[in-house]
Amino acid sequence: MPEQNEPAYATAHIPFRTIAHLFDPDDPTPESGRELSDRAEEQIFHTVLDSKKGSKELSDKIEITLPASDLTPDRPAAIVSAVRSHFRIRADELQRSMRLTQRVGLREFRLTLAVCIPSFVGIALCVPFKGDPLMEVIQNVLIIFCWVTIWQPFQSIVFDRWTQSAAAKVYRQIAKMEICVRAA
């Protein structure tokens, strides 16, 4: 039992009905380096995130339960190794994806400038003809065109990168967590 000043540890309990639900069935690698199934990755990720509802902190520990018939004496250590390896690799993949997102976002930004500058000129040219329905339609179309063009690089460079960065951080934390495997 933790003392009053000592924080309570939050454990993410993750049950699997069979070892086949944990590992990717198409990966022939030995279990200690084997990839997790997409379902297992998602379940671990979301359970760790959701274990402390209302808190910005994650779980401190992961407890994976499997049927006793699926646990051989060396399997728990292999599972811990596979989970750590899988989440480190996924974090690295997200880092690479973030670099690509940034590169694409910067290219989109350059395209935005190339499209918006002439559009701004067109909008300014329409101002003296206020009241002319055709010129107001053209001006409004150019304004909408600019908004649409500006939004995509902003989405890529800001929001998409933030999401990827946050997910990569959680993946790295999962790879470092205390992990135990026990029979259900």
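Conventions used here
Residues numbered from 1 in each chain as written. Predicted model: local features only at pLDDT ≥ 70, side-chain atom pairs only at ≥ 80, totals over all residues. Heavy atoms only, no water. Axes fitted to C-alpha atoms, helices over the stretch in contact; angles between N-to-C directions. Helix = DSSP H or I, 4+ residues; strand = E, 2+ residues; numbered from the N terminus. Parallel < 35°, antiparallel > 145°, perpendicular 65-115°, else oblique. Contact = heavy atoms within 4.5 Å. Nonpolar A, V, L, I, M, F, W, Y, C, P; charged D, E, K, R; others polar. Buried < 20%, exposed > 50% of the residue type's maximum accessible area, 1.4 Å probe, protein only. Pairing = 2+ DSSP bridges. pLDDT = per-residue confidence, 0-100. Patch = residues over 30% accessible without salt bridge, like charges linked within 9 Å, V, L, I, M, F, W, Y side chains within 5 Å. Areas by Shrake-Rupley, 256 points an atom, 1.4 Å probe, with all protein chains shown as cover. Salt bridge = Lys/Arg side-chain N within 4 Å of Asp/Glu carboxyl O. Lys, Arg positive; Asp, Glu negative; His and termini not counted. Charge placed at Lys NZ, Arg CZ, Asp CG, Glu CD.

A.B. asks: Would you explain the packing of helix H2 (residues 38-50) against helix H4 (residues 133-176) in this entry?
C.D. replies: To characterise two packed helices, one gives the angle between the axes of the helices and the distance between these axes. In the contact formed by H2 and H4, the axes pass within 11 Å of each other and the chain directions differ by 95°. By the angle between their axes, H2 is roughly perpendicular relative to H4. Contacts between H2 and H4 involve Glu41, Ile44, Phe45, Val48 and Leu49 from the first element and Ala167, Val170, Tyr171 and Ile174 from the second. Among the residues forming the contact of H2 with H4, the class breakdown is eight nonpolar, no polar and one charged.

A.B. asks: What am I meant to see in the pairing of strand S2 (residues 61-66) here?
C.D. replies: Within a regular strand, the side chains alternate between the two sheet faces. The buried fraction of S2 is high, at five of six residues. Of the pairings in the sheet, the one linking strand S1 (residues 11-15) to S2 comprises five bridges and is parallel in character. Bridge pairing in S2 places His13 opposite Glu63. Examined bridge by bridge, S2 and strand S3 (residues 178-183) share six bridges and lie parallel to one another. Within the sheet, the bridge partner assigned to Glu63 lies in S3 and is Cys180.

A.B. asks: Hey, could you run me through the confidence of the model for the chain in this one?
C.D. replies: Low-pLDDT portions of the prediction should not be read for the details of their coordinates. With 91% of its residues at a pLDDT of 70 or more, the chain has an overall mean of 88. No element of the chain has a lower mean pLDDT than H4, which averages 90, and none a higher one than S2, which averages 94.

A.B. asks: Just to check I follow, could you spell out a positive patch on the surface for this structure?
C.D. replies: A surface patch of positive charge is lined by Arg96, Arg99, Arg103, Arg107 and Arg110. Along the chain, Arg103 falls in helix H3 (residues 75-126). By relative accessible area, Arg103 is classed as exposed at 53%.

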